[in-house]
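Chain and residue survey
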Amino acid sequence: MRTRFLTLAMICSLGLFTYSCAEGSQADQDMDKVEQEVSEGMQDLGAEIREESNEFAAEFKEARMNIDKRMEELERDMEGASADAREEMQEEYNELKAWGNDIDDRMDRVGNDMEAGWKDFKGDVSRGWKDFSRDSRKTLNDIERYFDPEGDLD
């Protein structure tokens with residue numbers, strides 16, 4: 001008898017749950033509202049990320065141009081330099097080359113992610129973008145300090 005009562009109670013609960021989620025019910029309307037709010041939030045996030053991506057792309061291009069210009073200067077200066085001077089210049093050249101490769105990689109990531117429209121991004125988009133943004137900002141600041149150690153070229 002107890003088993004029949006529990007089974008009947010479970011069937012009734014399931015029926016009420018199914019009824020409450022039926023098309024047009026308050027639960028269905030609330031769920032539609034939540035879906036719409038999430039969709040709008042994702043669109044806002046996408047717009048914000050697109051705007052920041054465009055800003056980063058411009059900053060990356062400028063940083064890359066500065067790096068390339070300095071690398072060309074170093075190449076010219078190394079031709080007639082002593083062995084000690086050439087060694088120091090080579091160290092600076094290698095550091096600039098590493099920064100250039102990092103900037104190229106970041107430009108590719110921004111470009112590829114933008115081409116995908118952020119639609120196919122898996123995982124926590126917001127956290128992933130914050131990490132990328134923080135790391136990119138640090139790299140750009142390091143490059144800026146290299147080219148303007150006194151901070152007076154703005």
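Cut-offs applied
- Just so you know, the residues in each chain are numbered from 1, in the order the chain's sequence is written.
- Thresholds applied to this predicted model are a pLDDT of at least 70 for local features of residues and 80 or more for the giving and counting of side-chain atom pairs; totals over whole chains, interfaces and linings are not thresholded and use all residues.
- Just so you know, side-chain values use all the structure's heavy atoms and leave hydrogens and water out.
- To pair, rings of Phe, Tyr and Trp, with the six-membered ring standing in for Trp, must have centres within 6.5 Å; the planes then decide the type, stacked if under 30 degrees apart, edge-to-face if over 60, and tilted in the middle.
- By the criteria applied, helices consist of DSSP H or I runs no shorter than four residues and strands consist of E runs no shorter than two, each listed in order from the N terminus.
- Buried means the residue's accessible area, taken with a 1.4 Å probe over protein chains only, is under 20% of the maximum for its type, while exposed means over 50%, and partly exposed covers the values in between.
- Each patch is built from residues lacking any salt bridge and having more than 30% relative accessible area; the joining distance is 9 Å for like charges and 5 Å for nonpolar side chains (Val, Leu, Ile, Met, Phe, Trp, Tyr).
- Residue exposure ignores everything except the shown protein chains as possible cover, and the areas themselves are Shrake-Rupley values with a 1.4 Å probe.
- Salt bridges are counted wherever a side-chain nitrogen of Lys or Arg sits within 4 Å of a carboxyl oxygen of Asp or Glu.
- All tallies of charge rest on Lys and Arg as positive and Asp and Glu as negative; His and the ends of each chain are not included.
- Charged groups are reduced to one reference atom each: NZ for lysine, CZ for arginine, CG for aspartic acid, CD for glutamic acid.

Thoughts on the packing of aromatic side chains
How two aromatic rings sit relative to each other is given by the distance of their centres and the angle of their planes. With the rule as written, the count across this model stands at 4 aromatic pairs. Between W99 and Y146, the ring centres sit 5.6 Å apart and the planes meet at 75°, which makes this aromatic pair edge-to-face. Taken together, the residues span a long stretch of sequence, with W99 in helix α3 (residues 83-115) and Y146 in helix α4 (residues 125-147) at a distance of 47 residues. Here W99 falls in the buried class, since its relative accessible area comes to 15%. Ring geometry for Y146 versus F147: centroids 4.9 Å apart, planes at 90°, classification edge-to-face. Taking relative accessible area as the criterion, Y146 reaches 25% and is therefore assigned partly exposed. An aromatic cluster of three or more residues is present, and its members are F56, F60 and F132.

Here we look at the environment of K97
By the secondary structure assignment, K97 is in helix α3. A C-alpha to C-alpha distance of 9.9 Å links K97 and R64, two positions 33 residues apart in sequence.

Digging into a negative patch on the surface
Judged by side-chain charge, E72, E75, D77 and E79 come together as a negatively charged surface patch. Among the secondary structure elements, E79 is positioned in helix α2 (residues 26-79).

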